[in-house]
Every structure is written in C-alpha cells, then in structure tokens.
Amino acid sequence: MKRWTAAAAVLSWAAVASAAAPAPLTTLKAIHALSNPEASHLLPVAFEATVTYFRAYEKTLFVQDGDVAIYVMATTGAHLAPGDRILIRGTTQPSFRPYVLSSDIVLLRHGSRPAPEPASFDRLIRSELDCRYVSVRARVRTADLVRSSDVASISLETISDGGPIDATIDSNDSAALAGLVDADVEVTGAASGRFDGKMQQTGILLHVTSLADVKVLHRAGADPWSIPLTPLGQILTAYHVHDLTQRVRVHGTITYYQPGSMLVLQDGSRSLWIHTQTPAPLRIGNEADAIGFPAVQNGFLTLTGGEIQERPEYEPAIPQKETPELLATSKHIFDLVSIEATVVAAVREATQDVYVLASEGQLFSAIYRHPSAVGEAPAVTPPTKEIPLGSKVQVTGICILSESNPFVGRVPFDILMRNLDDIAVIARPSPLNVLNLSIAVGALLLTILAVGAWGWTLKSKVARQTAALAARVEAEAALERRLAQLEQRRSRILEDINGARPLAEIIEEIADLESFRLHGAPCWCEIAGGARLGMHPVDTSRLRVVHMDIPSRTGGVLGVFSAGFDPDEPAAQDEQEALSMGTKLAALAIETRRLYADLHHRSEFDQLTDIHNRFSLEKYVASLIEESRETAGVFGLIYIDLDQFKQVNDVYGHRVGDLYLQNAAERMKRQLRSADMLARLGGDEFAAVLPLVGNRAQAEEIAHRLERSFDAPFIVSGYTLRGSASVGVALYPEDGATKDSLLSAADAAMYVTKHTRKLEPGLAAQEDSALETGDRAG
C-alpha cells in the first residue's frame, strides 16, 4: 500500500510538472487524491470505474471504484446504466472537490453496482462519503413532483437522526408519492451536497436512479391528512428540536457590523454572516474571533448565537471591484465589493436609505440601514446623502443575494453599505443628458408635496375650530399617520416604476393608492388597447363615476383613470386632485415601461428586417464562446452575402431593394431552428449562429438549406426577382477562438464560395443574370 501511494504521488507530481506532455492519471484513487490547486492544471485522465448514477440531460455522472468515487461532467451521448463498467477520458477540474470533465466515455461491459455504504448524517455532512454509493435511513418530511431542466422528477425532504437529507429521484410517477409522507424509508443513491455560489456545502443531496432504490421500512402510523386541525396561532405547540450542533470558532476581518443584530467576517475569499446580540462598539477593519453554531438559512451559510471577541490588529479588507454580471452569479456572497453604477432613484424609508442603481443594464439597490438604539444611548440617524439622479457613483459594501444556488443562473443582488461614505459620486450628470423621466419624477414629487401641505393646512384649520383639545390631537395624529402611509406607498410605487415589477401590478397598486386617498372609493384604470385593472364595480350604474384621461407627453391618450362615488354625496374638492395624481403616476409608469422596451428592442434588432443586428449577434457569440470554454463545447457560424444585391437597388430602386431584403430575411429564418439566431450585419450581409451543432457537417447542412431558400423567385412590388446567396461556415473553436477571428473565418469562407462559383462558367452566368432577369409579374 505504501509502495502504491509513493508511486501515485510521483505520477501526480510528474503530471503537474511536465507542461509539455503530462501522462494521464489512470486510477480513480490517484485522481481522488488530488487537491484543487493540482486539479486546476487540467491534468489528463484515462481510468476505469463503475457507474452508480447517470442523468443524461444534465450531464451528471457519478462513478466509483472500490471505496473511492468522483463526479464526472459527462459529455457523452451513450446510454449508461448503474453497474456499467466504463473507461473515462478527460481532464481534472477544481470545485468543492476535484471532478473530471470528460472528453470520451467508452462502455466496457455491463455489471452490477457496488454494495451501498450505510451512511450517517454526520459522515455525509463532513463529506467523508462524497460521491460514494450509500444508503441512509430517515423519515420523509415532504414528497413532491418537481421539474429540473424542464424534466419532471421526484424530490424528497427527509429527516435523519443527525439532520435533514434531501433526495432527487429520476421518476415522474406522481402516484408513487402517496403514502411516502411520514414514512420511515431507506434511500440508496450517490451522495453529494447542496452548494452556494462559492461551492461551500449547504446541505446533503442523494441522487437516486429510480423508485426501486427507495425502500419503505414503516408506513406512517396515520394519514397526515387525518390529523386534527391546529389553530393558525398555535402551530408552535407542535415544534420540538433536539439540537446537538457543536459550537465552532472562526476568525476573520470585520467588514460589516450592526450592533445587537449581525456582523460579517471575511477571511480571504470566504465571508460569513453572523447573528449576534452583542452591543459592543466593534471597529470595522479590525480582526476578530467569533463563536457560535453553524446553520443554513434560506440556502446561506450562517453562524447563529454568535459571540464576538475583537482583536487589536487593524487589517481592513480591500473591497473587490466587480461587475454586475459576476455579482449576479452568487460567487461573492457576503463579500466586501465595489461597483460603479448610475443613480436612478433615492428613497429614505423608516429604517433605511435606498439608492436604486443601474449598471450594464441591470438594476440593483445600495442600502444603508439606520443605526438602532443600543443600551441607553439614543440612535442618531445621519441626514440623507443627496445625490443627483443620473450621477455616476462608486458603491462599496457587502454583496447580498436573494438566492444562493449557483445553478439557477443570474440572481438579483443588492449592496449593503456600512455608512453613507460608501457611496461616492465620481461623475455628476451633464445638464445636456438629464432624462425627461427625472424631470417628470421631480415635478410629480413637488405636486404631491404641495397636495400634502394643502391637506395638512386644511386639516389644521378644521382642527383649530374644534372645542375639544383631545379631539384635535387625535385628528392631527390620524392625519399624520395617513400622510405617512400615502408617502410610503407612493415611494414604493416610484421605486417599482424604476424596477422590475410587472406594469399590471404597478397600475393596480396606483388604483389602490388613489382608492385609499379617496377613503375607499373604487378606482380603476383602463389602458388604451389593453386591460382594465383595479377595483372595477360590477354595476357602475348605481355610482357617480368620474373619468380622467391619462395624458401622453406626445399629446395622445394612454388610457382612462376612473373612480366611483356615492351619487347622494356632493363632489368633493379632492376628487379631481386624487384622480390627477393617479393619472400622472399611471402615465409615468406606462411611458417608462414603453420607453425601456422600445430602447431595448432598437438596441438589439435591425429596424428594416426586424431580426437581430450586429451588436446583438456579437454579444450572443461572446456569451457562447464563454460558455463553450467552460463546457468544451462547439458551435457554428454562417456568413451570408446576397449576390448581386446592388443591381436590385440600381435597377428597381431602394424601396424594392428593402422589400427584397425583408423577404430574404424571412426565408432564411424559416430554414433555422428555434435555438439558432439570424442577424443582419449591414447592407446585404447576414450571419447565422448555430449553438446546437456537434460538427462541421451539421453546420454545412444548414448552410445548404439557406442557399436553397433562394431557389424560388421573389415577388416584390409586382417584380419577379431571382436571387442567390453565397455562404461561408466557421466552427468554434476549430476556425477561431475569439469573436472577431470566428467572424473573419466565416467571411473568408463565404468569399471562397463566391469566388469558386464565379470560376465555374455555368454558375457564374447564372449568378450574373440572377437579379437582372426580373420581370413585371402579372
């Protein structure tokens, strides 16, 4: 055994040290012994192992050899089953533990799975059995049919003696779920974990091949749907936890602190959110030790029951300058980061200041939480930091996200600032570039403040006429509460207008706000050419209905805002003002959303053919290159040039030329698949991106279809035009590893095709006459 270990160590060292031609690792045990820094060298492997789990549509493969196992990202079209003995070739990759990215998988023979290892929660949570084929005994808490990668599967949440264990089962048999809840079961599958964006383990997950691997040991004593009802306010009477979690001690630099609530420690690339009740005046930037109990809350690693011991060393963490795209991948959970953005809106709420920011097309918030009172010292809230809308700022703070799972794609994030100095203006807005939206929001704020001041003055005058001091105080308090509610709801609506909330929900919220302002009178909005939203009465004939048009800045009407009143009550003065407020808010919401939608479409689509433009195509190709580099994938690019297009403009005019381009684009779109992208690069040049091709033959087959789509003549404005196109095919990464080189390769291939066609006499004559023989149809 010692001799084998020494040989494996020499082999591993040689593979890393020899950059020219490292020898492949040939045993799973040697691969399993690698560290992440060693695996990051992409060492070649060629080893045999037995399949314990395979999910083809997600490329998830677990294999085992003896008492060692590993995860493989399987790039294979083979149908593998548990027990199959296979030969895997590929390269090592770093992650939570090293894994293998396969380049080739060969089925050697069919066999049987290894005997499952009985596993406890403690061994699984410590990753002692990572990727091993195991069996666990637990009680089922939930059993549901879910969808992963748009494929149905069964998800089990169970509780074992040590803690919760989840399982995903490759079955869509919903009938099998009956009777599983509260049953004692034995589940057999490949052990892995749940992870956050930093690949830190946040739970246990078993990958189970079929329902045959779930053995019911004891059914539930009673049907869960037959147990007695519990009042909603008394559900905690059934709560019982026997928690043996051990206390841990951690060390790091304080990057955020809210006395009596929470603290963040950062050590290198790792950061931890710690719940603590300590009110001690801790200094951000000092090193500190913390003790507490590890927990997972909403998928995030945290420390609860924290106690903090500050150290005198002052080593402040340096914020990492990041982009919105990287922060949205959840790879910087709770890290101290810095980002540049543009101020869209600023709101002071009861407990915090919120700055709504935009960067690279993504909205997020920078939040400063007001200090709370600690001990006998009163809380002192600093004045709001006024920053002009449209200013470019540098924001520093803790990155917080709504989702920790790195496999769900981009997730919303916000920045938690430590103080108001964490947001600094680096460029003020130019008067020549102030958006009309900012002007409209400012005017709206002034109008609402004026209405609020008028209401307060009117109420004060009425209050002074009352004889009872107690009644006057109560009336003023009620007014203040009402105005505060109106201001808070109005601020939330303005924030939603500049956020991602659906327009229909915002309009309904505006109608509800104006109903509140009018003391419960039903209010609704009918959008021109759209839906009716709000609280519309069934029978309006019994009401006195007041309508007000929603004006557009261009002079048109965006819709109608209406309110219904008791016909026996005289018209109140605030009716028109409330409706005016509603129409202005509704106009701002509708025009803002339409402006954003129009600008986005114009930036990515060709205005003549309504297909993608060069900017959109280049952005898509860049993202495909990044994705293909991570997955070792391939994709195709076709460059298309319409032959003799200049003759169409010269002979028939530019209007016929434009119609010909539109018809040609429509024909080419019909030859592509739903995942493919067609874009106009300019003039008579087009390109098609093929993300789902595996080789050059598949790309050339689609290119041939594009060429053949020009066989039938075009009928344009009464003219019959016979057109053709020259195409060139390029394949990533074979013909180019960058966006520009790939486009150049496809362009060069297209010119080779065009030149070759001209050298063939028959084809050259056909091409020269293709667009010159247009006839007047009909």
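Whatever comes next refers back to the structure up there.
Scope of this entry: the structure provided in the associated data block. Everything numeric in this text was worked out from a predicted model, so none of it was measured.

Reading the values: the criteria
Here the residue numbering is sequential within each chain, running from 1 through the sequence in written order. Per-residue local features are limited, in this predicted model, to residues with pLDDT of at least 70; the limit for side-chain atom pairs, both in listing and counting, is 80 or more; totals at the level of whole chains, interfaces and linings are taken over all residues. To get the side-chain values, take all heavy atoms of the structure and skip hydrogens and water. Note on conventions: DSSP H or I runs of at least 4 residues are helices, E runs of at least 2 residues are strands, and numbering of each starts at the N terminus. Three exposure classes are used, based on accessible area relative to the maximum for each residue type with a 1.4 Å probe and protein chains only: buried under 20%, partly exposed in between, and exposed over 50%. Between two residues, a contact is recorded if the distance between any of their heavy atoms is within 4.5 Å. We get accessible surface area from the Shrake-Rupley algorithm with a probe of 1.4 Å; when it comes to residues, only the shown protein chains can shield them. For the charge count, each Lys or Arg is scored as positive and each Asp or Glu as negative, with His and the chain ends excluded. A single reference atom marks each charge: NZ on Lys, CZ on Arg, CG on Asp, CD on Glu. Ring pairs are drawn from Phe, Tyr and Trp, using the six-membered ring of Trp, whenever the two centres fall within 6.5 Å, and their geometry is named by plane angle: stacked under 30 degrees, edge-to-face over 60, tilted for the rest. Ring-over charges, as used throughout, are those where CZ of Arg or NZ of Lys falls within 6 Å of the ring centre and within 35 degrees of the ring normal. In this scheme, strands are said to pair when DSSP sees at least two bridges between them. Here an angle of 0 to 180 degrees is reported between the N-to-C directions of two axes, which are lines fitted to C-alpha atoms, with helices fitted over the stretch in contact. To estimate how far a helix should extend, the number of its residues minus one is multiplied by 1.5 Å. Angles below 35 degrees are treated as roughly parallel, those above 145 as roughly antiparallel, those between 65 and 115 as roughly perpendicular, and all remaining angles as oblique. Within the patch definition used here, like charges are joined within 9 Å and nonpolar side chains (Val, Leu, Ile, Met, Phe, Trp, Tyr) within 5 Å, considering only residues with over 30% relative accessible area and no salt bridge. Salt bridges are defined as contacts in which a side-chain nitrogen from Lys or Arg sits within 4 Å of a carboxyl oxygen from Asp or Glu. Residues are said to line a cavity or pocket when one of their atoms sits within 4 Å of a point; the points come from a 1 Å grid over protein atoms alone, cavities being sets where a 1.4 Å probe fits but cannot get out and pockets being open sets with protein on both sides within 12 Å along at least five of seven lines. Grid points are joined across faces, edges and corners, and a volume is the space filled by probe spheres set on the points. Each residue gets one label: Ala, Val, Leu, Ile, Met, Phe, Trp, Tyr, Cys and Pro are nonpolar, Asp, Glu, Lys and Arg are charged, and the others, such as Gly, are polar.

**A closer look at the overall build of the protein chain**
Part 1: Check the secondary structure of the protein chain and you find 15 helices and 36 strands.
Part 2: Burial status across the protein chain gives 42% buried among its 778 residues.
Part 3: Excluding contacts between residues fewer than 6 apart, the proportion of contacts in the protein chain whose partners are at least 24 apart in sequence is 62%.
Part 4: Within the structure as shown, the protein chain displays about 40300 Å² of accessible surface, and the carbon and sulfur contribution to it stands at 55%.
Part 5: The protein chain carries 73 positive and 95 negative side-chain charges, and their two centres are separated by 1 Å.

**Here's the deal with the packing of aromatic side chains**
Part 1: Under the definition given, this model contains 12 aromatic pairs.
Part 2: With a centroid separation of 5.6 Å and 45° between ring planes, the pair formed by Phe300 and Phe334 is classed as tilted. A residue pair is termed long-range when its members are at least 10 positions apart, and Phe300 in strand S17 (residues 300–314) and Phe334 in the loop between helix H5 (324–327) and strand S19 (336–348) qualify at 34 residues. The burial state of Phe300 is the same as that of Phe334; both residues are buried.
Part 3: Measuring from centroid to centroid gives 4.8 Å for Tyr652 and Tyr719, while their planes differ by 50°, and the two rings are tilted. Separated by 67 residues along the polypeptide, Tyr652 in helix H11 (residues 645–652) and Tyr719 in strand S34 (residues 719–721) bring together distant segments of the chain.
Part 4: Taken together through their ring pairs, the aromatic side chains of Tyr53, Phe62, Tyr71 and Tyr99 make up a single cluster.
Part 5: The ring of Tyr314 has Arg283 lying over it, and the distance from NZ or CZ to the ring centre is 3.8 Å.
Part 6: Sitting over the face of the ring of Phe516, Arg482 holds its NZ or CZ atom 4.6 Å from the ring centroid.

**Some remarks on the sheet that holds strand S26 (residues 532–534)**
Part 1: What the 4 strands build is an open sheet, ordered S26-S25-S28-S27; its pairing is antiparallel. Both edges of this open sheet fall to S26 and strand S27 (544–551), since each of them pairs with a single strand only. Here the average twist between neighbouring strands, direction ignored, is 25°.
Part 2: Here strand S25 (residues 523–527) runs beside S26; their pairing, made up of 3 bridges, is antiparallel. Counted as the bridge partner of Trp524 is Gly534 from S26.
Part 3: Packed on one face of the sheet, helix H8 (residues 503–517) meets S25, S26 and strand S28 (557–565) and runs near 145° to S25.
Part 4: Across the sheet, helix H9 (residues 573–604) lies against S25, S27 and S28, angled at about 40° from S27, the strand it touches most.

**Focus on H8**
Part 1: Here H8 contains 15 residues, and its C-alpha end-to-end distance of 21 Å stays within 8% of the 21 Å for a straight helix at 1.5 Å per residue.
Part 2: Along H8, the residues that are buried comprise Ile506, Ile507, Glu509, Ile510, Ala511, Leu513, Glu514, Ser515 and Arg517.
Part 3: Of the residues flanking the end of H8, it is His519, one or two places downstream, whose phi is positive at about 60°.

**Observations regarding the packing of H8 against H9**
Part 1: Where H8 contacts H9, the axes come no closer than 10 Å and their chain directions differ by 170°. One element, H8, and the other, H9, form an angle in the roughly antiparallel class. Counting all contacts with H8, which are made through Leu503, Ile506, Ile507, Ile510, Leu513, Glu514 and Arg517, the residues of H9 involved are Asp574, Ala578, Met581, Gly582, Leu585, Ala586, Ala589, Ile590 and Arg593.

**Here's the deal with a negative patch on the surface**
Part 1: A contiguous patch of negative charge on the surface is contributed by Glu325, Glu360, Glu626, Glu627 and Glu630.
Part 2: A total of 3 residues in the negative patch trace back to one element, the largest contributor, which is helix H10 (residues 614–631).
Part 3: Among the secondary structure elements, Glu627 is positioned in helix H10.

**Points about the pattern of salt bridges**
Part 1: As enumerated under the stated definition, the model contains 45 salt bridges in all.
Part 2: Close ionic contact of Asp184 with Arg139 constitutes a salt bridge, the shortest N to O distance being 2.8 Å. Residue Asp184 is located in strand S10 (residues 184–195), and its partner Arg139 is located in strand S7 (residues 133–148); the two are separated by 45 residues in the primary sequence.

**So, the side chain of Thr52**
Part 1: Relative to the helices and strands, Thr52 resides in strand S1 (residues 44–55).
Part 2: For Thr52, a relative accessible area of 0% translates into the label buried.
Part 3: Each residue touching Thr52, except ones within four places of it in the same chain, is listed here: Phe62, Val63, Gln64, Pro82, Arg113, Pro114, Tyr133, Ala190 and Thr209.

**Quick look at empty space enclosed by the protein**
Part 1: Following the criterion strictly, the structure yields 2 cavities of 30 Å³ or more and no others.
Part 2: The space that makes up the largest cavity amounts to roughly 60 Å³.
Part 3: Around the largest cavity, the lining residues are Phe96, Leu124, Ser127, Leu129, Asp130, Ala191, Ser192, Gly193 and Gln201.
Part 4: No other element matches the 3 residues that S10 contributes to the lining of the largest cavity.
Part 5: Looking at the lining of the largest cavity residue by residue, the class counts come to 4 nonpolar, 4 polar and 1 charged.
Part 6: Put simply, the second largest cavity is a space of about 40 Å³.
Part 7: Around the second largest cavity, the lining residues are Asp196, Gln200, Ser271, Phe300, Leu301, Ile333 and Phe334.
Part 8: Among the residues making up the lining of the second largest cavity, the classes are represented as 4 nonpolar, 2 polar and 1 charged.

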